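So the chains spell out like this:
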Amino acid sequence: MLYAILCYHDEDFVGSWSKEQDQAVMAKLAVVQNKLAKEGRLGPVARLLPTTAATTLRKENPPLVLDGPYAETKEQLLGFYLVDCKNLDEALDVARDLGAANPGGAYEIRPVGVFAPGSART
């Protein structure tokens, strides 16, 4: 079963990290990612650009395009992992490992039903 692990954190706090602090967190996260990759369980991982780069399409009549994120919240969606796990308990273990590497924030875990695998390449 595929699980999406959505990474939430205070964008201003994360944005205040020095380059060295950010690289240190990314290095800790890479340890978890490398373990999952070796096990063949790591799917796409994305780090989203700041919410200031977001655009929202509101389904009004007519549709309305807005600059910025969908909702104002204390924590923003900063990225996600797609991980192959046997069950929710295993996905929670992965989220705990990620949480140990990344100070603060929250991880939302959701089962994923693949609608279309896509073919986008980086």
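All figures in this text were calculated on a predicted structure; none of them were measured in a lab.

Conventions and cut-offs
Residues numbered from 1 in each chain as written. Predicted model: local features only at pLDDT ≥ 70, side-chain atom pairs only at ≥ 80, totals over all residues. Heavy atoms only, no water. Salt bridge = Lys/Arg side-chain N within 4 Å of Asp/Glu carboxyl O. Helix = DSSP H or I, 4+ residues; strand = E, 2+ residues; numbered from the N terminus. Buried < 20%, exposed > 50% of the residue type's maximum accessible area, 1.4 Å probe, protein only. 1 Å grid on protein atoms, 1.4 Å probe; cavity = no way out; pocket = protein on both sides within 12 Å on 5 of 7 lines; lining within 4 Å. Points joined across faces, edges and corners; volume = space filled by probe spheres on them. Pairing = 2+ DSSP bridges.

How would you summarise the pattern of salt bridges if you had to cite specific residues and measurements?
If charged atoms from side chains of opposite charge come close, those side chains can pair. Applying the stated criterion across every chain, the model contains six salt bridges. With a closest N to O distance of 2.6 Å, E39 and R41 form a salt bridge. Note that D93 and R96 form a salt bridge whose closest N and O atoms lie 3.1 Å from each other. Taken together, the residues span about one helical turn, with D93 and R96 both in helix α3 (residues 88-101) at a distance of three residues. When its relative accessible area of 41% is taken as the criterion, D93 is described as partly exposed. By sharing partners, the salt bridges in this structure join K35, E39, R41 and E90 into a single network.

I'd love a proper account of the layout of surface pockets, names of residues and values included.
In this model, the largest pocket occupies a volume close to 490 Å³. Considering the residues around the largest pocket, the lining is formed by 27 residues, among which V14, M26, R47, L48 and L78 are closest to the centre. Where the lining of the largest pocket is concerned, the elements lending two or more residues are β1 (2-9), α1 (11-15), α2 (19-38), β2 (42-47), β5 (76-84) and β6 (106-112). Sorting elements by how many residues they give to the lining of the largest pocket places α2 first, with five residues.

Account for the pairing of β1, with residues named and values stated.
Consecutive side chains along a regular strand alternate between the two faces of the sheet. Where burial is concerned, most of β1 is hidden: six out of the eight residues are buried. Looking at chain direction, β1 and β5 are connected through eight bridges and run antiparallel. Bridging across to β5, C7 finds its partner in G79. By the bridge criterion, seven bridges tie β1 to β6 in an arrangement that is antiparallel. Bridge pairing in β6 links L6 to E108.

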